[in-house]
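# Structural overview
Here is what each chain is made of, one letter per residue.
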Number of protein chains: 2
Amino acid sequence: MEGQIVERKLLLLGMLRMQDMHGYQLNEMIDSHIQAGFALKKPTMYKLLNAMVEDGWLTCATHKEGNYPTRRVYSLTAAGELAFMKLLRDSLSAYSPIEYQGNVSLLFMNALPEDERMALLHRRREIVKSLQHAMHPLPAISNPHDLVQLHQIRHLETELAWLDEVIASVSEERIHLELSQF
Amino acid sequence: MEGQIVERKLLLLGMLRMQDMHGYQLNEMIDSHIQAGFALKKPTMYKLLNAMVEDGWLTCATHKEGNYPTRRVYSLTAAGELAFMKLLRDSLSAYSPIEYQGNVSLLFMNALPEDERMALLHRRREIVKSLQHAMHPLPAISNPHDLVQLHQIRHLETELAWLDEVIASVSEERIHLELSQF
DNA sequence: CGAGGCATGTAACGAGTTACATGATTGC
DNA sequence: GCAATCATGTAACTCGTTACATGCCTCG
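Residues numbered from 1 in each chain as written. Chains lettered and ligands numbered in written order. Predicted model: local features only at pLDDT ≥ 70, side-chain atom pairs only at ≥ 80, totals over all residues. Heavy atoms only, no water.

### Things to note about the packing of aromatic side chains
One pass over the structure, following the stated rule, counts 4 aromatic pairs over all chains. On the basis of an interplanar angle of 70 degrees and a centroid distance of 5.9 Å, the ring pair of phenylalanine 84 of chain A and phenylalanine 108 of chain B is categorised as edge-to-face. Residue phenylalanine 84 of chain A is found in helix α4 (residues 78-92), and its partner phenylalanine 108 of chain B is found in the loop between α5 (104-107) and α6 (114-134); the two belong to separate chains. Residue classification places phenylalanine 84 of chain A among the buried positions, given a relative accessible area of 0%. Since its relative accessible area comes to 4%, phenylalanine 108 of chain B is described here as buried. Residues tyrosine 95 of chain A and tyrosine 100 of chain B carry aromatic rings whose centres are separated by 6.0 Å and whose planes lie at 50 degrees to one another, so their mutual orientation is tilted. Linking tyrosine 95 of chain A in the loop between α4 and α5 (104-107) with tyrosine 100 of chain B in the loop between α4 (78-92) and α5, this pair reaches from one chain into another. (Phe/Tyr/Trp six-rings, centres within 6.5 Å; stacked < 30°, edge-to-face > 60°. Helix = DSSP H or I, 4+ residues; strand = E, 2+ residues; numbered from the N terminus. Buried < 20%, exposed > 50% of the residue type's maximum accessible area, 1.4 Å probe, protein only.)

### Here's the deal with empty space enclosed by the protein
Enumeration over the complete set of coordinates arrives at 3 cavities of 30 Å³ or more. A volume near 50 Å³ is recorded for the largest cavity. What lines the largest cavity is Ala36, Gly37, Phe38, Val148, His151 and Gln152 of chain A together with Tyr100 and Asn103 of chain B. Of the residues contributing to the lining of the largest cavity, the split by class is 4 nonpolar, 4 polar and no charged. Looking at the lining of the largest cavity, you find at least three residues from each of domain 1 (3-92) and domain 2 (104-181) of chain A. (1 Å grid on protein atoms, 1.4 Å probe; cavity = no way out; pocket = protein on both sides within 12 Å on 5 of 7 lines; lining within 4 Å. Points joined across faces, edges and corners; volume = space filled by probe spheres on them. Nonpolar A, V, L, I, M, F, W, Y, C, P; charged D, E, K, R; others polar. Domains from an automatic or database assignment.)

### Observations regarding the domain arrangement of chain A
Residues and elements named next belong to chain A. When cut into domains, chain A gives domain 1 (3-92) and domain 2 (104-181). Using C-alpha coordinates to define each centre, domain 1 is positioned 35 Å away from domain 2. Counting residues at the interface gives 4 residues for domain 1, matched by 5 residues for domain 2. Of the roughly 390 Å² buried between domain 1 and domain 2, counting both surfaces, carbon and sulfur atoms make up 54%. Sorting the residues of domain 1 by area buried against domain 2 places Gln35, Ala36 and Phe38 first, and these three jointly supply 83% of that buried surface. The interface formed by domain 1 and domain 2 holds 0 salt bridges in total. Counted by class, the side of domain 1 that touches domain 2 contains 2 nonpolar, 2 polar and no charged residues. (Contact = heavy atoms within 4.5 Å. Buried area = accessible area lost by both parts, 1.4 Å probe. Salt bridge = Lys/Arg side-chain N within 4 Å of Asp/Glu carboxyl O.)

### Describing the relation of the copies chain B and chain A
When chain B is brought onto chain A, the operation consists of a screw motion whose angular component is 180 degrees and whose axial shift is 0.0 Å, with 0.0 Å RMSD remaining. Overall, the copies show the geometry of a two-fold rotation axis. The overlap is high: 100% of the interface residues of chain B also sit at the interface in chain A, so the same surface is used on both sides. (Least-squares fit on C-alpha atoms with pLDDT ≥ 70 in both.)

Now the structure itself:
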C-alpha cells in the first residue's frame, strides 16, 4: 500500500472513529476542507470504503430515514481500530520531502529576455500573494486542524520569501546557465 | 495536457535545446539530479520523447558510433522551440500550492498517549533533520540550478520550524480535538 | 562465459479522475 | 414539469511505475 492510499484510509478511519457516517456525509466534510489540502473524490472514497469493508476494518449497515435515499452507514470494527492506530503511528512518524514540480522553468528562465522573465516571476509572486491573502490568519492554535492550516501558511510564506530571493538574484544578473551545470 | 506532463516536456525540451542528445543520455542527466526533485523514469521519458516527435517538436536521427548500440539523437525543431517558449512562459508565471499529504495524521494524533505522540513527532523531526544535513549548503547562488536547490533548503527549514511549533503546542497540551472542528 | 553497462522500448498493473447511470424526493 | 439535492456507484480514460524483453559489447 502506497503513501497516498494510507493517508486517505487514515482520514476515513479517523473520521469514522469519531462518529459513524455514510459516504455522502464523509465526502461533504472532506470537500469543505479542501483549503487545508485534503482532496478525495467521491469514486475514490467509495472504493476505499468498500475495500476497507472487504478487509474487515469497517462494517456497513443500510439505514433508511424518512424520504432520504438509503444510506450505507460505516462503523469501525476492532480490526479497523487496530489498523487505524498502526497507520497513525506510521504516518505521524514519517516524512518524505515534498516533490514540487514548479521549478523546471527556473532552470531555463534565461531563455527569456530579462524584462519578460522579471514580469513572469512577478506574476507568479502575485499568485502566491493572493493565495496567502485567501487564508484567514490563525489567532491561536487550539486544535490539530489549526496545525495543518499553519503548515500551509508557513509554506506559502516560504514560497514568497524564496521567490523574492529569486527575483533579487535575477535583477542583479547573478545568474548564468551553461549545460555543464545541469 | 496536465501540469506534470508540461513540466516534464519542458525539462526535456530545455535540455535538448542546449544540446542534441539521445534518451539514455537525458535519462542519466536527470537521474543524477533527483536530489533536486526531478524524477522521470525511463519508460515515461521515452514515451514523452516519441510523443514530441509525433507532435513535430523534435526530430530524431539514428546514430551509430563505434561499438555502441544505435542511438536515437533528438533535436528541437522550430515548432519545438516555439512550444518550449510557450511552456516556459506558462510554467514560470504559474503557481499551484503544494499538496502535502503527510498531515492527516496530525488531525488524529490525540488518539495516542501523550508520550508516544511526542516520541513519534520527534522521530519525524529527525528525518527532516537528516534530509537537511544531506543537502550541502550553497556558498552562493550562481546559476538557476542553485535556486531550485535553495527552494528545497528553504522548505526543509520551514518544515522543521513548523514541526517545532507542533511539538511545542503538543507539549503545552494546548491541543484538543472534537469532531465539530473538522 | 557470465555479469554488467549501453540503448530502446513493451506489457501489465495500479491509482485517480471525469463523466455518466440510477432513482427517489423537494422546490420553483 | 424541470432542476437540484441526496446517495451510491460504474466505465472509460489518463498517467505513471515496475518488471520484463531484446541485443550487442566489454571486462574480468
